[in-house]
Each structure stands twice: as structure tokens, then as C-alpha cells.
Amino acid sequence: MTLKQKNILRGICMTLLCIGAVYFLFIVASFISVLCAMSDETAYWTQWQKEHIAALESSYASGEAPKVDESVFCGFDLEQATADGVSLADLRFLATHNSYKQGTTKQTDIFYNYALPVMLGKKYDYVFDTLTEQFNHGIRSIEIDLGKVESDDGFSVNVYHNALTETGSSMIDFELGLHEMKMWSDYNPGHLPVTVLVELKGGSFGKYADFDEEAMLYVDETLREVFGESLYTPAEALEGHSSFAELRESGDLPTLEETRGKFIFLLHETSVTDTYVGIDPEMRSQAMFLALTVKREKYRSPEWLDNALYVIINNAAEKSYGKMIEDALSENFIVRTRLDEFALISDKRFDAAMKSGAQILSTDYPPATEDRYGYTADIGGGKTVLLRTR
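Overview of the structure. Only a predicted model underlies this, so the values are computations on that prediction, with no experimental measurement involved.

**Details of the overall build of the chain**
When helices and strands are counted, the chain shows twelve helices and twelve strands. For the chain, whose C-alpha radius of gyration is 23 Å, the value lies close to the compact-globule estimate of 21 Å for 390 residues. In terms of overall dimensions, the chain has C-alpha extents of about 90 × 50 × 45 Å along its principal axes. Going through the 390 residues of the chain one by one, you find that 54% of them count as buried. Counting only contacts in the chain whose residues sit at least 6 apart along the sequence, the fraction spanning at least 24 positions is 74%. Summed over all atoms, the accessible surface of the chain reaches about 17,800 Å², with 53% contributed by carbon and sulfur.

**A closer look at the pairing of strand 3 (residues 154–159)**
As defined by bridge partners, strand 2 (residues 141–151) adjoins strand 3 across six bridges and the pair is classed as antiparallel. Looking across to strand 3, one finds that Gly 147 is bridged to Asn 158. The antiparallel hairpin formed by strand 2 and strand 3 contains two residues in its connecting segment.

**Brief notes about the side chain of Glu 269**
As for its position among the elements, Glu 269 is in the loop between strand 6 (263–268) and helix 10 (273–279). Look at Glu 269: it is buried, it has no salt bridge, and the nearest opposite charge is Arg 300 at 5.4 Å. Here Thr 293 takes part through its backbone nitrogen, which lies 2.8 Å from a polar atom of the side chain of Glu 269. Those residues in contact with Glu 269, other than ones at most four positions away along the chain, are Ala 291, Leu 292, Thr 293, Arg 300 and Ser 301.

**What to know about the side chain of Thr 363**
For Thr 363, the position within the fold is in strand 11 (residues 360–363). According to the relative accessible area criterion, Thr 363 is buried, its value standing at 0%. A polar atom in the side chain of Thr 363 sits 2.7 Å from the side chain of Asp 340. The contact partners of Thr 363, leaving out residues within four places of it in the chain, are Leu 94, Ala 95, Thr 96, His 97, Phe 128, Leu 339, Asp 340 and Ala 377.

**Overview of the pattern of salt bridges**
Scanning the model with the defined rule gives 13 salt bridges in all. For the salt bridge of Glu 166 with Lys 101, the shortest nitrogen-to-oxygen distance reads 2.8 Å. Here Glu 166, found in the loop between strand 3 and helix 5 (174–187), pairs with Lys 101, found in the loop between strand 1 (91–96) and helix 3 (106–115); they are 65 residues apart in sequence, far enough to count as distant. Judged on exposure class, the residue Glu 166 and its partner Lys 101 are both buried.

**Structural notes on helix 12 (residues 347–356)**
Restricting attention to buried positions, one finds in helix 12 the residues Arg 349, Phe 350, Ala 352, Ala 353, Met 354 and Ser 356. Residues of helix 12 that are buried make contact with strand 1, helix 11 (319–330), strand 10 (334–338) and strand 11. Between the side-chain oxygen at the start of helix 12 and the backbone nitrogen of Lys 348 there is a gap of 3.3 Å, and the oxygen is on Ser 346. At the exit of helix 12 stands Gly 357, carrying a positive phi of roughly 85 degrees.

**Description of a negative patch on the surface**
On the surface, Asp 173, Glu 175, Glu 221 and Glu 225 cluster together into a patch of negative charge. Looking at the secondary structure, you find Glu 221 in helix 6 (residues 213–227). Since its relative accessible area comes to 45%, Glu 221 is described here as partly exposed.

**Observations concerning the nonpolar core**
The biggest cluster of nonpolar side chains holds 89 residues, and the ones touching the most others in it are Leu 146, Met 181, Leu 223, Phe 265, Tyr 310 and Ile 313. Take this core: its biggest share by element is six residues, from helix 5. Apart from residues lying up to four places away in sequence, Leu 146 is in contact with Val 157, Asn 158, Val 159, Phe 174, Val 198, Glu 199, Leu 200, Lys 201, Phe 211 and Val 219. Counting residues in hydrophobic clusters, the runner-up holds ten residues, among them Ala 81, Val 86, Leu 91 and Val 385.

**A short note on the environment of Gly 147**
Tracing the sequence through the fold places Gly 147 in strand 2. Sequence spacing of Gly 147 and Leu 200 is 53 residues, and the spatial spacing of their C-alpha atoms is 6.3 Å. Contact partners of Gly 147, with chain neighbours within four places excluded, come to Ser 156, Val 157, Asn 158, Tyr 160, Lys 201 and Phe 211.

**Points about unusual backbone geometry**
Positive phi is not limited to glycine here, since Met 283 has a value of about 60 degrees. Looking at where Met 283 falls in the secondary structure, it is placed in the loop between helix 10 and strand 7 (289–295).

**Notes on a nonpolar patch on the surface**
On the surface, a cluster of nonpolar side chains totalling about 410 Å² of accessible area is made up of Tyr 23, Phe 26, Ile 110 and Tyr 114. For the nonpolar patch, the elements supplying multiple residues, two or more each, are helix 1 (3–62) and helix 3. Relative to the helices and strands, Tyr 23 is located in helix 1. Classification of Tyr 23 as partly exposed rests on a relative accessible area of 39%.

**A short note on the packing of aromatic side chains**
Going through the model one piece at a time under the given rule, you end up with 19 aromatic pairs. Among the aromatic residues, those joined into a cluster by ring pairs are Tyr 126, Phe 128, Phe 342, Tyr 365, Tyr 373 and Tyr 375. The ring centre of Tyr 126 lies 5.1 Å from the NZ or CZ of Lys 101, which sits over that ring. Taking NZ or CZ as reference, Arg 248 lies 3.7 Å from the ring centre of Phe 333, over its face.

Rules used in this analysis
- Residues numbered from 1 in each chain as written.
- Predicted model: local features only at pLDDT ≥ 70, side-chain atom pairs only at ≥ 80, totals over all residues.
- Heavy atoms only, no water.
- Helix = DSSP H or I, 4+ residues; strand = E, 2+ residues; numbered from the N terminus.
- Rg over C-alpha atoms; globule rule 2.2 N^0.38 Å.
- Buried < 20%, exposed > 50% of the residue type's maximum accessible area, 1.4 Å probe, protein only.
- Contact = heavy atoms within 4.5 Å.
- Areas by Shrake-Rupley, 256 points an atom, 1.4 Å probe, with all protein chains shown as cover.
- Pairing = 2+ DSSP bridges.
- Lys, Arg positive; Asp, Glu negative; His and termini not counted.
- Salt bridge = Lys/Arg side-chain N within 4 Å of Asp/Glu carboxyl O.
- Polar contact = N/O pair within 3.5 Å; in protein donor to acceptor, adjacent residues only side chain to side chain.
- Patch = residues over 30% accessible without salt bridge, like charges linked within 9 Å, V, L, I, M, F, W, Y side chains within 5 Å.
- Charge placed at Lys NZ, Arg CZ, Asp CG, Glu CD.
- Core = buried A, V, L, I, M, F, W, Y, C linked by side-chain atoms within 4.5 Å.
- Phe/Tyr/Trp six-rings, centres within 6.5 Å; stacked < 30°, edge-to-face > 60°.
- Lys NZ or Arg CZ within 6 Å of the ring centre and 35° of its normal.

Take a look at the structure:
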């Protein structure tokens, strides 16, 4: 290599290093900007939620809030199905994913779309109606993410997607969010059962801590306090059975009749699931059911299958997972899968989910108060609850 060629190569390398350094500084600066914005974002939604709850309380007290007609959302005769002893495994519910989500800030948009576009991009900038509006549109299965936030006098539990970059949430305060659900339930007695998938977020730094047994017990206690008899628990489902494996084998699954007017909380499997199960391995003391997940064509925690009624298998379009859904249904599990992901609408995935027979069908494009995206997931003639054909 000649001296001239070496100088050219050296120049190219230096230019690339400078570009890389500038890009790295841009990433760091963007991330710092996001962190600075999150405090204001959390404060905004905290105040918004308080005002939202106050407005709901007033509308319920005055009787001005709309009452729902559950039969409108059902693709079948609801009262006849209830009388016939239809089980939860025989129903299909349209569900929402990250049901509290309220988009992202301008700072997060820059970080996601320009600093890290390949990794993140625009797939997290979506917005849902409030929980009350979703319920009024026939959604009977939602998902929330919980984060443990430490303080000088203990800790609180917040609902957000990511404490560092995404705290826009219509139920940022966990307890107030539960209160919103319970007010709607009390105002609409005998409603279809509402399933709430709960994912416990890991800690990051500072006041955002990992969920431990203390925080899990707090969540369980809060669910019992807020919902009372409107909470359908694992112990109720297990009555007369030694385990969920025996319950599933017997086919004696929870029925529509015994779960109408109730909320059913599911713990999404994460790294701390063992801690929750360890509270009572027979799952009779906990407020939430287990919802086990899969990875590489296997269950992540096969040791807990006998303790579970619900499983999460999110992409029925993948042949191996489609087969897992089929097998799970044959063993009387209740399966949650996804119809789509935000900005990733696929006819193949939607059709596979519908054909799979899974009972909980999650979407980022539910019926809403306004047409935000030009597309709405439809599982059958505009209905949000269907009878499942085996």
C-alpha cells in the first residue's frame, strides 16, 4: 500500500470515528432529554387521572354515565349461554395490549425514531381510550404493566410501559386505576367477566425497584380490598379440585354464570413468577391466576403447568406456536394470543390467531371513540365476544 493510499484510509477511518462519536453523543443527549421529560410526563398523567376519576365519580353519582347492554357485544344469546353453563374456555374475547398506553413524548419520539430507529422506531407511539371507554366499547380483556416505585415512606405501584422513556398512562396510579374499573363494574352489574393481564416490570435505577414478595402481597391485598366479592380468585376456581391440572382434566372450568360481574387478574410470567408462586404453591392464597409464557417452542416454566389455567402464546402464525396453542386448548388451558402489534398489521397473523381457537385475542387496534389509525380489528361482525367452536 502506498503512502497516499494509507493517508486516504487513515482519513476515512478518522471520518467514520468522528461520525460514530457524534452519533454516540446524540444518543446520550437524546436519552438524557428523555429522562428529564419523564418527571413532567408522570406528573401530568397523575393530575390528569385524578381529574378523570373525579369526573367519573360525578357522572356515576348523577346517573349520567352510559350503561352498557352486554348483548350488543356478543355474537350469541348471552342469557341462553349463561343458562347453558358455557365456560370461559368456550368464549373468545377481543382484548387490548398495554391498555393504559397514551403514546410517547416528543423527546422519546426523537430517541426512538432517530437515535435508535432500527431497534425501536414508531412501534410504541400508540394511544388507547380510557379503560372506561374500552369497557363501554365491549373490550372485556385488558393488560397493565406494574412498576414498584420506592419513596421515603415505603413504595407505591405505578402503571407504565417503561419508567425511563414511556410513562404516558391513563392509570398511572394503580389504586385509582382499579377504582375506575370497580366503579364501572358497580354501575354495570352482571357484566361479562373482565380479564386483566398483569405484568410486573423490573427495576431500572434510583427509585424504580424490582418487584419483590412485599410488593406482590401489596398488589394482592389491594385487589381484594378494591374488588371484594367482584374479584374471582384461583381459590374459587379450584374449589373441589386439588390442582389446576386436575381441574382442567375434569373439564370443570369456571363458567360464564359464576364469573359474570367479576374481574379475573392474571399474572404474566416473568423472572419473578417463582416468588409469587412461592407465596402458596397450591395457588389458593393468591389473588391472581398464573399466565405462563413460552420460548423456543417450549414453556418457560413447565414446572408450574399443574398450577396454571392460562397460557400466553402470542404468535399463532408461527407453525410451532400454532401447534402449541392447539395442544394447550386440548388440555383445557385458556390461551391468550395476539392478532397484531402496533404498526405491524398482518393478515397472516390475524387469520392464524382466529383459526387457532385461542380465547383471548389481543389487539392494538380495538373499537374506539375515534378512528385514529384507519383500521380496527374485527373478530366477527363488529362483535367483541364470541362463542368458540371446538
